[in-house]
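A look at the structure
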Amino acid sequence: MADEQITTEVDGRRLKLSNLDKVLYPGTETTKGEVLHYYTQVAEPLLAVLADRPATRIRWPHGVSDLSFFEKNLPPGAPAWLPRVSLPSSGSRGSGDEVTYPVIGGVAELVYLVNLASLEFHVPQWRLDGDRPAAPDRLVIDLDPGAPAGLPECARLALIVRDRLADIGLDRCVPVTSGSKGMQVYAALDGSQTSDAVRDGARELAQQLTREHPDLVVWKMTKSKRPGKVLLDWSQNTAAKTTIAPYSLRGKDRPTAAAPRTWEEIERGAQDADSLRQLLLDEVVERLQKQGDLFGDGLTHSD
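Residues numbered from 1 in each chain as written. Predicted model: local features only at pLDDT ≥ 70, side-chain atom pairs only at ≥ 80, totals over all residues. Heavy atoms only, no water.

Details of the pattern of salt bridges
- Enumeration over the complete set of coordinates arrives at 16 salt bridges.
- Here Arg287 ties to Glu265 by a salt bridge, and the two come within 2.8 Å at their closest N and O atoms. With Arg287 in helix α7 (residues 281-291) and Glu265 in helix α6 (residues 263-271), this pair connects stretches of sequence that are 22 residues apart. With respect to burial, Arg287 and Glu265 carry one shared label: buried. (Salt bridge = Lys/Arg side-chain N within 4 Å of Asp/Glu carboxyl O. Helix = DSSP H or I, 4+ residues; strand = E, 2+ residues; numbered from the N terminus. Buried < 20%, exposed > 50% of the residue type's maximum accessible area, 1.4 Å probe, protein only.)

Put into structure tokens, the structure is as follows:
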């Protein structure tokens, strides 16, 4: 079939959108057009998350049942108006000594990248200060369950993490179900600590909670130690690491998204295994319309 295109204007930029009827999620028959529509509906809170952060994407050109690839560099042919930043390569996935990332500041940039079948957006815990990383403005605790553990165990641990963070003055915390298996707990920081210091503090918390709750928590990534427990992944606070952006879709069988939640939902989920699950894209949009931006508002304002 021919590569069908339409030309549209987004924030004053003329964009060519292709193959809007292509099914990207076969399990739900969700099309590329529906994915683009989702991203425009959540653009405001998502752009607040992405602002001034280099964006890594995972692309599924032929849908989630086919191959994907991880992309840091700005894609070839990207328009000159798309903001970018060049930073030293931090690992084997970088190409050469520098990586040129897109910096997504508006709806046009977002739509351009989603049209390339970028389903997932991952960002670090720090923002840019000019063309250099600033100190992190948030801490993330990633909770990754090892089967048969699942979201109920993650919810139990998230509540423990929330209370422990509050004890050290980090009381602006937001839980986010990841759209995959587990969840994250984010806490706002004042920018006074380096990424290394934040990472080390998160590792110390993980080790402490492993000692206190050995039947629930593990801090080492060794797979043999994880069945039935929740990995408290402290390492995503490392400056070179990225985490799925809240409101981003995931490349799973169904179009689930990383979804900010209320602490009331997490409390119920810790008691009732059936009350907490990963959310689909339409549910995230509906919640956003009814509840507002739980993520940005939660990190800005204390409860």
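From this point, things continue past the structure.
Quick look at the environment of Tyr25
- Position of Tyr25 relative to the elements: it lies in strand β3 (residues 23-25).
- Residues Tyr25 and Gly130, spaced 105 residues apart in sequence, show a C-alpha to C-alpha distance of 38 Å.
- In contact with Tyr25, not counting residues within four places along its chain, are Thr30, Val35, Val64, Leu119, Leu249, Arg250, Gly251, Lys252, Asp253, Arg254 and Pro255. (Contact = heavy atoms within 4.5 Å.)

Describing the pairing of strand β10 (residues 126-129)
- For β10 and strand β11 (residues 132-136), the ladder comprises three bridges, and the chain directions are antiparallel. The residue bridging Asp129 from the neighbouring strand is Arg132, located in β11.
- Hairpin geometry of β10 and β11 is characterised by an intervening segment of two residues between the two adjacent antiparallel strands and by a positive phi of about 75° at Gly130. (Pairing = 2+ DSSP bridges.)

Considering empty space enclosed by the protein
- Under the definition given, this model contains one cavity of 30 Å³ or more.
- In this structure, the largest cavity encloses a volume near 80 Å³.
- Taken together, Tyr247, Ala259, Pro260, Leu279, Val284, Arg287, Leu288, Gln291, Gly292 and Leu294 make up the full set of residues lining the largest cavity.
- Of all elements in the fold, only β19 (259-260) and α7 reach the threshold of two or more residues within the lining of the largest cavity.
- The element contributing the most residues to the lining of the largest cavity is α7, with four residues.
- Residue classes in the lining of the largest cavity are distributed as seven nonpolar, two polar and one charged. (1 Å grid on protein atoms, 1.4 Å probe; cavity = no way out; pocket = protein on both sides within 12 Å on 5 of 7 lines; lining within 4 Å. Points joined across faces, edges and corners; volume = space filled by probe spheres on them. Nonpolar A, V, L, I, M, F, W, Y, C, P; charged D, E, K, R; others polar.)

Some thoughts on the packing of aromatic side chains
- Within this structure, the stated rule accounts for three aromatic pairs.
- Ring centres 5.3 Å apart and planes at 70° place the aromatic pair Tyr38 and Tyr39 in the edge-to-face group.
- Accessibility expressed as a relative area gives 1% for Tyr38, which makes it buried.
- Aromatic side chains Tyr186 and Phe295 sit 5.0 Å apart centroid to centroid with 85° between the ring planes, which places their arrangement in the edge-to-face category. Highlighted residues: Tyr186 in strand β14 (residues 183-188) and Phe295 in helix α8 (residues 294-300), separated in sequence by 109 residues. (Phe/Tyr/Trp six-rings, centres within 6.5 Å; stacked < 30°, edge-to-face > 60°.)

Thoughts on the packing of helix α4 (residues 151-167) against helix α5 (residues 195-212)
- Contact pair α4 / α5: the axes reach a minimum separation of 12 Å and the direction vectors enclose 125°. On the basis of the axis angle, α4 is oblique to α5. α4 and α5 meet at a crossing whose hand is right-handed. Between α4 and α5, the contacting residues are Leu157, Ile160, Val161, Arg164 and Leu165 on the first element and Leu205, Gln208, Leu209 and Glu212 on the second.
- Looking at the contact of α4 with α5 residue by residue, the classes come out as six nonpolar, one polar and two charged. (Axes fitted to C-alpha atoms, helices over the stretch in contact; angles between N-to-C directions. Parallel < 35°, antiparallel > 145°, perpendicular 65-115°, else oblique. Left-handed = near helix turned anticlockwise from the far one by under 90°.)

Function-wise, these values are silent; they only describe arrangement.
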